[in-house]
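# Commentary on secondary and tertiary structure
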Amino acid sequence: MTLAWTLQPFAALSVPELYALLQLRSAVFVVEQTCAFQDIDGHDADALHLLGHTAAGELAAYARLFPAGRSYPEASIGRVAVAPAFRRHGLGRQLMREALARCESQWGPQSIQIGAQLYLREFYRSFGFEQVGDGYLEDDIAHIHMLRP
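What comes next concerns the included structure. Numbers given for residues are sequential positions, taken from 1 along each chain in its written order. Totals for whole chains, interfaces and linings use all residues, but because this is a predicted model, local features are given only for residues with pLDDT of at least 70 and pairs of side-chain atoms are given and counted only at 80 or more. Excluding hydrogens and water, the side-chain values take into account all heavy atoms of the structure.

It is worth spelling out helix α2 (residues 91-107) at this point. Between the first and last C-alpha of α2 there are 24 Å, a value that for 17 residues agrees with the 24 Å anticipated at 1.5 Å per step. Within α2 the residues assigned to the buried category are L91, Q94, L95, M96, E98, A99, L100 and C103. Among the residues trailing α2, G108 stands out with phi positive, at a value near 80°. Here a helix means four or more residues in a row that DSSP labels H or I, a strand means two or more in a row labelled E, and each is numbered from the N terminus. In this analysis, the expected span of each helix is defined as 1.5 Å times one less than the number of residues it contains. Buried, partly exposed and exposed residues are distinguished by accessible area as a fraction of the type maximum, computed with a 1.4 Å probe on protein chains only: under 20%, between the cut-offs, and over 50%, respectively.

Following this line, the structure appears as structure tokens:
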């Protein structure tokens, strides 16, 4: 399955796009992971939003990108999510490849830091990320900081 990718600042998102991305994030991070947390955290206005749509126009994959100095000293990628209905098609890998390419095209070659759920460590390692520091709990979910030099 191939997705059509768009990267937009917050102000350029349409109301239906914003609704779809918030719905996807809620389905994955709140409902699926049974984690009550404040997903709408006040940082969306500072992010670039990467949306992957199917040929039928459904939002299947999403991430938000930040330049260096916003979330971490390095550029960062967060809220990485693939809609449950579209999993097992390699979209997580497509999403990360696209997110990394978009970071580089926006801000040039540089280090990228992420706060990853611990169970995804090997997935992110396959993209050149390495764990830095100790693990931590975020909303009762084990996380680690990872850096891609």
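Tracing the sequence through the fold places E138 in strand β6 (residues 130-138). Since its relative accessible area comes to 37%, E138 is described here as partly exposed.

Looking now at the nonpolar core. For this analysis, a nonpolar core means a set of buried residues of the types Ala, Val, Leu, Ile, Met, Phe, Trp, Tyr and Cys, connected via side-chain atoms within 4.5 Å. In terms of nonpolar packing, the biggest core is built from 37 residues, with I77, I112, I114 and F129 touching the most fellow members. Contacts of F129, omitting those with residues within four sequence positions, involve M96, L100, I112, I114, Y124, M146, L147 and R148. We call two residues contacting when some pair of their heavy atoms lies within 4.5 Å.

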